[in-house]
Amino acid sequence: MVVVMGPGADEAQIEEVASRLRLMGLSVHRSDGKDRIILGAVGDLGALDVEDIRHLPGVQDVVRISVPYKLVSRTFQPESTIVTVGKAQIGGKQVAIMAGPCAVESEEQVEAVAFAVARSGAFILRGGAYKPRTSPYTFQGLGEEGLRILRRCADRHGLAVISEVLDTQHIPILEKWVDVLQVGARNMQNFALLRELGHARKPVMVKRGLSATIEEWLLSAEYILSGGNNDVMLCERGIRTFETATRNTFDFSAIPVVKKLSHLPIIADPSHGAGRRDMVAQLARAAVAAGADGLIIEVHTDPDHALSDGAQSMFPSQFDRLMAELRIIAPAIGRSICLEPVAKRGWAR
Ligand code: PEP
Ligand code: MN
């Protein structure tokens, strides 16, 4: 349920409403919008008489949220959430670009990719140090040493860092080295992990599970917000369907659906969506056109020898070309892509 406070409501009135709700055993989450303050009350509403709340001083309206996710819904917060990560304001006008290898393999490898993607206009360096691999016999990642490598390379090129958190015990280690914690598709319903991330001090990006509905995905984000961490982004990375021509089926409609249902930023991952290098750019362009707030793309200087996801990793030159194309597409829908590196080096390469 949300309680919409009137424009003239003062702090004492807001506190009175909040404490009444708490007395009824509800948890209260406040959202300060541009024009009004909203209190979201979550919990068992069975005994609650909505009229009691509606008549309290300062209250403009009381609305029941009919969907099972509450804090992530646009009813609770009509304005889009903006998550600040380094130089990027994700969820605003600018489309945020995250790029880097699937997995951290060595300092030389990450350095070469970080140099290239920063030059092309990415703001955030990606790279897995703890890898969720389908087979236990494939490369599992370098662990904390991988995070140190990511941090050093990102700092040399003015980038922020995103990396995957596989397990609750890794949260403090990731918080130390990275700017955004990524919840992988396979962990989207690891509820113990999601609960812990509700107390994390860094933003979290939740990837859509392989077979998850949008509602299930939003409920996963709800776990994190209900724990008190509001800096959450969602990431569409393709879902499993009967189709085998691509690694996954990229669900473009998830972008406008999520934008309508939730205030959280939505990022598109065309690399895992396509699973093949020759189609990543097309998916990326379409995702930006569909309204994605950002992209996360796998880039490798030697993808044919990559330790994971080489087939879907772009060469830096392909990524650079894609960025130039996105700089044309984004303004057509009122968005922008970072121009700073181009301004510094000029268009011709
Ligand atoms: C990844 O980003 O490399 C990854 C493992 O992604 P997903 O969880 O979407 O499969
Ligand atoms: Mn990958």
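Presented here is an overview of the structure given in this document. (Residues numbered from 1 in each chain as written. Chains lettered and ligands numbered in written order. Predicted model: local features only at pLDDT ≥ 70, side-chain atom pairs only at ≥ 80, totals over all residues. Heavy atoms only, no water.)

1. Observations concerning the nonpolar core
Judged by nonpolar contacts, the single largest core of 76 residues is most densely connected at Leu197 and Phe319. With sequence-adjacent residues up to four places away left out, Phe319 is seen in contact with Ile97, Ala99, Val117, Ser120, Ala122, Ile297, Val299 and Met314. Formed by 20 residues, the second largest nonpolar core is a distinct cluster that contains Val3, Leu21, Val28 and Val50. (Core = buried A, V, L, I, M, F, W, Y, C linked by side-chain atoms within 4.5 Å. Buried < 20%, exposed > 50% of the residue type's maximum accessible area, 1.4 Å probe, protein only. Contact = heavy atoms within 4.5 Å.)

2. Quick notes on the layout of surface pockets
As a volume, the largest pocket reaches approximately 250 Å³. Grouping the amino acids of the lining of the largest pocket by side-chain chemistry returns four nonpolar, eight polar and ten charged. (1 Å grid on protein atoms, 1.4 Å probe; cavity = no way out; pocket = protein on both sides within 12 Å on 5 of 7 lines; lining within 4 Å. Points joined across faces, edges and corners; volume = space filled by probe spheres on them. Nonpolar A, V, L, I, M, F, W, Y, C, P; charged D, E, K, R; others polar.)

3. Considering the coordination of the manganese ion (ligand 2)
Cys102 (SG), His272 (NE2), Glu298 (OE) and Asp309 (OD) make up the full set of protein donors to the manganese ion (ligand 2), lying at 2.1 to 2.4 Å. Here the donor residues for the manganese ion (ligand 2) map to a single chain with the spacing C-x169-H-x25-E-x10-D. Of this pair, Cys102 sits in the loop between β7 (96-100) and α3 (107-120) while Asp309 is found in the loop between β14 (294-298) and α11 (316-332), placing the two residues 207 residues apart along the sequence. One exposure class covers both Cys102 and Asp309, and it is buried. (Donors = N, O, S within 2.8 Å, 3.2 Å for Na, K, Ca; no water. Helix = DSSP H or I, 4+ residues; strand = E, 2+ residues; numbered from the N terminus.)

4. Some thoughts on α3
Between its first and last C-alpha, α3 extends 20 Å over 14 residues, near the 20 Å set by a 1.5 Å rise per residue. Buried residues belonging to α3 abut β7, β8 (124-126), α4 (144-156), α11 and α12 (340-345). Downstream of α3 by one or two residues, Gly121 has phi in the positive range, about 120 degrees. (Expected span 1.5 Å × (residues − 1).)

5. A short note on the site of ligand 1
As a matter of local geometry, ligand 1 sits amid 13 residues, with Arg126, Ala185, Arg186, Lys207 and Arg237 nearest to it. The separation between an oxygen atom of ligand 1 and a polar side-chain atom of Lys207 is 2.8 Å. Protein chains bury 97% of the 300 Å² of accessible surface belonging to ligand 1 in isolation. When each cavity is represented as a set of grid points, ligand 1 is found to reside in the largest pocket. Looking at the shell around ligand 1 residue by residue, the classes come out as three nonpolar, three polar and seven charged. (Near = heavy atom within 4 Å. Polar contact = N/O pair within 3.5 Å; in protein donor to acceptor, adjacent residues only side chain to side chain. Areas by Shrake-Rupley, 256 points an atom, 1.4 Å probe, with all protein chains shown as cover. Sits in = over half its atoms within 2 Å of the grid points.)

6. Considerations on the sheet that holds strand β13 (residues 266-268)
Judged by pairing direction, the barrel is parallel, and its eight strands sit side by side in the order β7-β8-β9-β10-β11-β12-β13-β14 before closing back on the first. Adjacent strand axes in the sheet meet at a mean angle of 25 degrees, parallel and antiparallel pairs treated alike. The sheet contact formed by strand β12 (residues 232-236) and β13 spans three bridges and is parallel. Residue pairing across strands places Glu236 opposite Ala268, the latter belonging to β13. Helix α10 (residues 277-289) contacts β13 and β14 of the sheet and is inclined by roughly 170 degrees relative to β14. (Pairing = 2+ DSSP bridges. Axes fitted to C-alpha atoms, helices over the stretch in contact; angles between N-to-C directions.)

7. Topic: the packing of aromatic side chains
For the structure on display, the rule yields two aromatic pairs. Ring geometry for Phe191 against Tyr223: centres 4.8 Å apart, planes inclined by 25 degrees, an arrangement best described as stacked. Highlighted residues: Phe191 in helix α6 (residues 191-197) and Tyr223 in helix α7 (residues 214-226), separated in sequence by 32 residues. A relative accessible area of 24% places Tyr223 in the partly exposed class. (Phe/Tyr/Trp six-rings, centres within 6.5 Å; stacked < 30°, edge-to-face > 60°.)

8. Looking at the pattern of salt bridges
Per the counting criterion, the structure on display carries 27 salt bridges. Notably, a salt bridge pairs Arg208 with Asp251, separated by 2.8 Å at the nearest N-O pair. With Arg208 in the loop between β11 (204-207) and α7 and Asp251 in the loop between β12 and α8 (254-261), this pair connects stretches of sequence that are 43 residues apart. Residues Arg285 and Glu325 are paired through a salt bridge, measuring 3.0 Å at the closest nitrogen-oxygen approach. Placement of Arg285 in helix α10 and of Glu325 in helix α11 is noted, with a sequence separation of 40 residues between them. Taking relative accessible area as the criterion, Arg285 reaches 28% and is therefore assigned partly exposed. Through salt bridges with shared partners, a single ionic network connects Glu107, Glu111, Glu144, Glu145, Arg148, Arg152, Arg156 and Lys176. (Salt bridge = Lys/Arg side-chain N within 4 Å of Asp/Glu carboxyl O.)

9. A few points about empty space enclosed by the protein
On inspection of all chains with the given rule, the structure shows one cavity of 30 Å³ or more. Here the largest cavity is characterised by a volume of approximately 40 Å³. Ser31, Gly33, Arg36, Ile38, Pro78 and Glu79 are the residues that line the largest cavity.

10. Observations concerning the side chain of Lys70
Looking at the secondary structure, you find Lys70 in the loop between β4 (59-63) and β5 (83-85). It turns out Lys70 is buried and unbridged, and the closest side chain with the opposite charge, Glu222, is 7.5 Å from it. Leaving out residues up to four positions away in the same chain, Lys70 has contacts with Val42, Ile65, Phe76 and Glu222. (Lys, Arg positive; Asp, Glu negative; His and termini not counted.)

11. Concerning the packing of α3 against α11
Two measures define how a pair of helices packs: the angle their axes make with one another and the distance between the axes. Between α3 and α11, whose axes approach to 9 Å, the crossing angle comes to 20 degrees. Taken together, α3 and α11 sit at an angle that is classed as roughly parallel. By crossing handedness, the relation of α3 to α11 is classed as right-handed. On the side of α3, the interface is formed by Ala116, Val117 and Ser120, while α11 contributes Pro316, Phe319, Asp320, Met323 and Arg327. Across the contact of α3 with α11, the residue classes tally to five nonpolar, one polar and two charged. (Parallel < 35°, antiparallel > 145°, perpendicular 65-115°, else oblique. Left-handed = near helix turned anticlockwise from the far one by under 90°.)

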